[in-house]
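What the coordinates show
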Amino acid sequence: MADRTDTTPVLRDITLWTASLVRQFPELAEELAPGRRGPAGTPAGTAPGVRDDLIREERREALLLEQRHGLAVPGHGAAPIRLHVSDAIRDITDGVVELEEAVCARLTLPRPPRAGVIDRLRRLVTLLDRIAAHPDLARHVRDEIRRMARRCARTLGDTETIVRVSGRCPWCDSVSLRAFPDRRAVLCVNPACVCTDEVCGCQDDPAYRHLWPENRWEELSEASGTGTAEIEAAMDDPKETAC
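Residues numbered from 1 in each chain as written. Predicted model: local features only at pLDDT ≥ 70, side-chain atom pairs only at ≥ 80, totals over all residues. Heavy atoms only, no water.

Further remarks concern the overall build of the protein. Helix and strand counts for the protein stand at 10 helices and four strands. Reading the secondary structure of the protein in the N-to-C direction produces α-α-α-α-α-α-α-β-β-β-β-α-α-α. Going through the 243 residues of the protein one by one, you find that 43% of them count as buried. Within the protein, residue pairs in contact and separated by at least 24 positions form 61% of the contacts whose partners lie at least 6 positions apart. Accessible area of the protein: about 12900 Å², with a carbon and sulfur share of 51%. (Helix = DSSP H or I, 4+ residues; strand = E, 2+ residues; numbered from the N terminus. Buried < 20%, exposed > 50% of the residue type's maximum accessible area, 1.4 Å probe, protein only. Contact = heavy atoms within 4.5 Å. Areas by Shrake-Rupley, 256 points an atom, 1.4 Å probe, with all protein chains shown as cover.)

In structure tokens, the structure reads:
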């Protein structure tokens with residue numbers, strides 16, 4: 001069995017991506033019905049019977065989402081449903097359910113009771129100590145949570161503020177350090193950056209980026225030549241130095 005300290009970076013990533021998903025997933029419900037102007041793409045002169053059929057279909061869709069995923073669509077009565085948002089909600093919900101059940105099965109725990117996405121994610125976080133004993137499971141959880149968090153963010157149209165940070169990445173020696181204020185973390189954005197840790201995500205995932213959370217800024221500062229004051233300024237006042 002691998003030393004549990006080997007999974008520390010992976011567990012840290014799981015915690016950060018889970019926090020992002022917990023914060024943003026409820027916002028999908030707000031994006032599901034953007035207004036009350038009638039079904040999307042429906043001409044103003046649509047026959048009343050056709051329009052009523054569309055509205056009834058959208059109401060059924062909203063009710064199904066509320067029953068299956070625990071998401072109430074604000075004012076859905078006559079608002080168009082954004083199908084790409086609905087698809088994202090379903091994908092993330094099914095993904096979280098399958099992930100929690102897979103983790104419980106691997107850890108020989110009883111099948112988890114039914115719950116909403118947020119509650120399931122929080123239950124997964126409570127299992128991190130046990131997940132740490134299984135590096136392959138930890139990486140799978142990280143990859144799935146990250147995938148779902150990214151889809152959630154893309155669906156919401158979020159664009160993160162990025163601030164250039166001086167100094168060189170301790171792993172690839174490139175000037176590729178960037179502060180991400182929303183995450184309170186510094187990342188190396190060099191896609192070719194690879195470290196020597198065999199369980200690190202950079203070994204098998206081209207999308208992986210090395211990350212230093214707030215409690216490792218001092219360590220990063222010593223290794224990269226970046227001042228902690230500069231990092232803190234980038235986080236607290238990103239508009240002044242945004243890329």
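Further remarks concern the state of the cysteines. Scanning the model with the defined rule gives zero disulfides in all. Here Cys169 is not disulfide-linked; the sulfur of Cys188 is the nearest cysteine sulfur, at 3.7 Å. Among the cysteines around Cys200, which has no disulfide bond, Cys195 carries the closest sulfur, lying 3.7 Å off. (Disulfide = S-S within 2.5 Å.)

What follows is about the pairing of strand 2 (residues 177–180). Of the two faces of strand 2, the one carrying Leu177 and Ala179 and the one carrying Arg178 and Phe180 are both buried. Both strand 2 and strand 3 (residues 185–188) contribute to a ladder of four bridges, which runs antiparallel. The residue bridging Arg178 from the neighbouring strand is Leu187, located in strand 3. Following strand 2, the chain reverses through four residues before pairing antiparallel with strand 3; Arg184 in that reversal takes a positive phi of roughly 55°. (Pairing = 2+ DSSP bridges.)

Within the secondary structure layout, Asp13 lies in helix 1 (residues 8–24). Buried and unpaired, Asp13 has no salt bridge, with Arg12 as the nearest side chain of opposite charge at 4.4 Å. In contact with Asp13, not counting residues within four places along its chain, are Arg142 and Tyr208. (Lys, Arg positive; Asp, Glu negative; His and termini not counted. Salt bridge = Lys/Arg side-chain N within 4 Å of Asp/Glu carboxyl O.)

The next thing to look at is the sheet that holds strand 3. Taken together, the four strands give an open sheet; going across it, the order is 1-2-3-4, and neighbouring strands pair in antiparallel fashion. Whereas interior strands pair on both sides, the edge strands pair on one side only; in this sheet they are strand 1 (163–164) and strand 4 (211–213). Strand direction decides the pairing type here: strand 3 and strand 4, joined by three bridges, are antiparallel. Among the inter-strand pairings, Leu187 is bridged to a residue of strand 4, identified as Leu211.

What follows covers the pattern of salt bridges. Under the counting rule described, the total for this entry stands at 11 salt bridges. Two residues, Arg123 and Glu100, come together in a salt bridge whose shortest N-O distance is 2.7 Å. With Arg123 in helix 5 (residues 117–126) and Glu100 in helix 4 (residues 83–106), this pair connects stretches of sequence that are 23 residues apart. Of the residues examined, Glu100 reaches a relative accessible area of 2% and is grouped as buried. A salt bridge links Asp143 to Arg142; its shortest N-O distance comes to 3.0 Å.

Here helix 1 is 17 residues long and its end C-alpha atoms lie 25 Å apart, about the 24 Å a rise of 1.5 Å per residue gives. With 12 of 17 residues buried, helix 1 is to be regarded as a mostly interior element. Three or more residues of helix 1 are buried, namely Pro9, Val10, Leu11, Arg12, Asp13, Ile14, Trp17, Thr18, Ser20, Leu21, Val22 and Gln24. (Expected span 1.5 Å × (residues − 1).)

When you line up the elements, Leu21 lands in helix 1. Assessed through its relative accessible area of 0%, Leu21 is described here as buried. A sequence separation of 131 residues divides Leu21 from Cys152, and the C-alpha atoms of the two residues are 7.1 Å apart. In this structure, Leu21 is in contact with Pro26, Ile92, Leu121, Met148, Ala149 and Cys152, ignoring residues within four places of it in sequence.

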